Amino acid sequence: MTNFNWEIGMKFTTREKFVETVSSYAVYCGRKMKWEKLDHIRARSQKKAMEVVQGSHKLQFKRLHDFCFEVLRSNPGSSCSVSAILPSSEGPSRSLMPVFDNIYICLEACKKSFATCRPIIGIDGYFLKGIYGGQLLTAVGRDPNDQMLPIAFAVADKETRATWRWFLQRLLEDIGSHRDHRWTFVSDQQKLKELMWKAAKATYPQEWLRVMREIEQVNTSAFAILMGIEPRFWTRSHFNGYPKCDTLVNNMSETFNSVILGARELPIASMLEAIINYLMSRWADNREKIHKFEGNVLPRN
């Protein structure tokens, strides 16, 4: 170490080798070392690299009309629309330029695939991780092999009753009305505990009533709230037999969320394109698998 000379531009094969060399030199020279994490610099660098690869988050909002046009051109029969809000000219405003409101996408392949599935639809919303935030709303079905089947998705500013009403109205325009198809919707409002789960999983009305009496003894307020919800919406004992499915949880939506987790960090146009590319690849893989399959009963996976 006595003859070691530091030079500008020196290179080390690995980070560990660099740390070992610097630490050894500091010990030999009697100097104290303090390693600082430059997370703020790393974050800025990562953001800059993302903008170079994917484009600016802000600029991608301007590309959404072109994005929708390309989706409709390359996927005939699909639905893709984007809406904007014009700021009020009466109040103070920095700009009178339109502001993004929402975008809705339902590919024709998704609609056709879901037409042969059971009438079970899982709906869920996820936070977007970009600098502008927002919510990704999704509708996911269950295919004949009990695998997830994404139907439609949308981006909105917030997850509210109004945005869900808009999303479900658009969805029903694509897949048909509830009156004609008797859709069953599942949301993550079914996340309940212990006695609630016992009541939800009860297979006949008498068992459900017995568990509800237990809930009343434990917490009268919870009992009153549950009794205010029609049992056909949340307990197996009162489910209608038409959907041919007694699922209580929204696992399909959670599975879809885990697949698109990385895409939710991208700028909006890049995120939507990543989701569409995933769907197209999924349909292509399923088509190839079914062509190679021999037999009359599908495997579980």
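The rules behind the values
Each chain carries its own residue numbering, running from 1 in the written order of its sequence. Owing to the predicted nature of the model, reporting of local features is limited to residues with pLDDT of at least 70; listing and counting of side-chain atom pairs is limited to 80 or more, with chain, interface and lining totals taken over all residues. Excluded from the side-chain calculation are hydrogens and water; included are all heavy atoms of the structure. Note on geometry: axes are C-alpha line fits, over the in-contact stretch for helices, and angles between N-to-C directions span 0 to 180 degrees. Helix and strand labels come from DSSP, where a helix needs a run of H or I of at least four residues and a strand needs a run of E of at least two; each type is numbered from the N terminus. Here the word oblique covers every angle except those under 35 degrees (roughly parallel), over 145 (roughly antiparallel) and from 65 to 115 (roughly perpendicular). Note on convention: the crossing is left-handed when the near helix lies turned anticlockwise from the far helix by less than a right angle, right-handed when the turn is clockwise. Residues count as neighbours in contact if any of their non-hydrogen atoms are within 4.5 Å of one another. Note on residue categories: nonpolar means Ala, Val, Leu, Ile, Met, Phe, Trp, Tyr, Cys or Pro, charged means Asp, Glu, Lys or Arg, and polar means any other residue, Gly included. By convention, a stacked pair of Phe, Tyr or Trp rings (six-membered ring in the case of Trp) has centres within 6.5 Å and planes under 30 degrees apart, an edge-to-face pair has planes over 60 apart, and any other such pair is tilted. Working definition: with a 1.4 Å probe on protein chains only, accessible area under 20% of the residue-type maximum means buried, over 50% means exposed, and in between means partly exposed. Salt bridge, as applied in this entry: a Lys or Arg side-chain nitrogen positioned within 4 Å of an Asp or Glu carboxyl oxygen. Two strands are counted as paired when DSSP detects at least two bridges linking them. Note that patches include only residues with greater than 30% relative accessible area and no salt bridge, and the join distances are 9 Å for like charges and 5 Å for nonpolar side chains (Val, Leu, Ile, Met, Phe, Trp, Tyr). Every accessible area reported is derived by Shrake-Rupley at a probe size of 1.4 Å, with residue values counting cover from the shown protein chains alone.

Asks: Lay out the packing of helix H4 (residues 64-74) against helix H12 (residues 268-292) with the relevant residues and their values.
Replies: In the contact formed by H4 and H12, the axes pass within 10 Å of each other and the chain directions differ by 15°. Classified by the angle their axes make, H4 and H12 are roughly parallel. Our pair here, H4 against H12, has a crossing hand that is right-handed. Between H4 and H12, the contacting residues are Leu64, Phe67 and Val71 on the first element and Ile268, Ala269, Leu272, Glu273 and Ile276 on the second. For the contact of H4 with H12, the per-class residue count stands at 7 nonpolar, no polar and 1 charged.

Asks: Which residues make up the packing of aromatic side chains, and what values go with them?
Replies: Applying the stated criterion across every chain, the model contains 8 aromatic pairs. Seen in terms of ring centroids, Tyr104 and Trp166 are 6.4 Å apart; in terms of plane orientation they differ by 80°. Their pairing is edge-to-face. Of this pair, Tyr104 sits in strand S2 (residues 99-106) while Trp166 sits in helix H6 (residues 161-175), placing them 62 residues apart in sequence. For the residue pair Tyr104 and Trp166, the accessibility class agrees, reading buried in each case. Relative to Tyr278, the ring of Phe256 lies with its centre 6.5 Å away and its plane at 40°, an arrangement referred to as tilted.

Asks: Which residues make up the pattern of salt bridges, and what values go with them?
Replies: As enumerated under the stated definition, the model contains 11 salt bridges in all. Note that Glu214 is salt-bridged to Lys198, the shortest N-O span being 4.0 Å. With Glu214 in helix H9 (residues 205-218) and Lys198 in helix H8 (residues 194-201), the pair connects residues that are 16 residues apart, well separated along the chain. Among the ionic pairs, Glu214 bridges to Arg210, the shortest N-O distance being 3.0 Å.

Asks: Give a description of the sheet that holds strand S5 (residues 148-156) that names residues and reports values.
Replies: Across the sheet, which stays open at both edges, the 6 strands sit in the order S1-S2-S5-S4-S3-S6 with mixed pairing between neighbours. The sheet is open, and its two edges are formed by strand S1 (79-85) and strand S6 (184-186), each paired on a single side. Neighbour-to-neighbour, the strand axes of this sheet turn through a mean angle of 20°, independent of strand direction. In the sheet, strand S3 (residues 120-127) pairs with S6 via 3 bridges, with the strands oriented parallel. Within the sheet, the bridge partner assigned to Ile120 lies in S6 and is Thr184. Each of S3, strand S4 (135-142) and S5 touches helix H11 (residues 251-259); the most contacted strand, S3, lies at about 40° to it. H12 contacts S2, S4 and S5 of the sheet and is inclined by roughly 170° relative to S5.

Asks: Pulling in residues and values, what's your account of a nonpolar patch on the surface?
Replies: A surface patch of nonpolar side chains, about 300 Å² in accessible area, is lined by Ile225, Ile229 and Phe233. Its location among the elements puts Phe233 in the loop between helix H10 (220-227) and H11. Residue classification places Phe233 among the partly exposed positions, given a relative accessible area of 47%.

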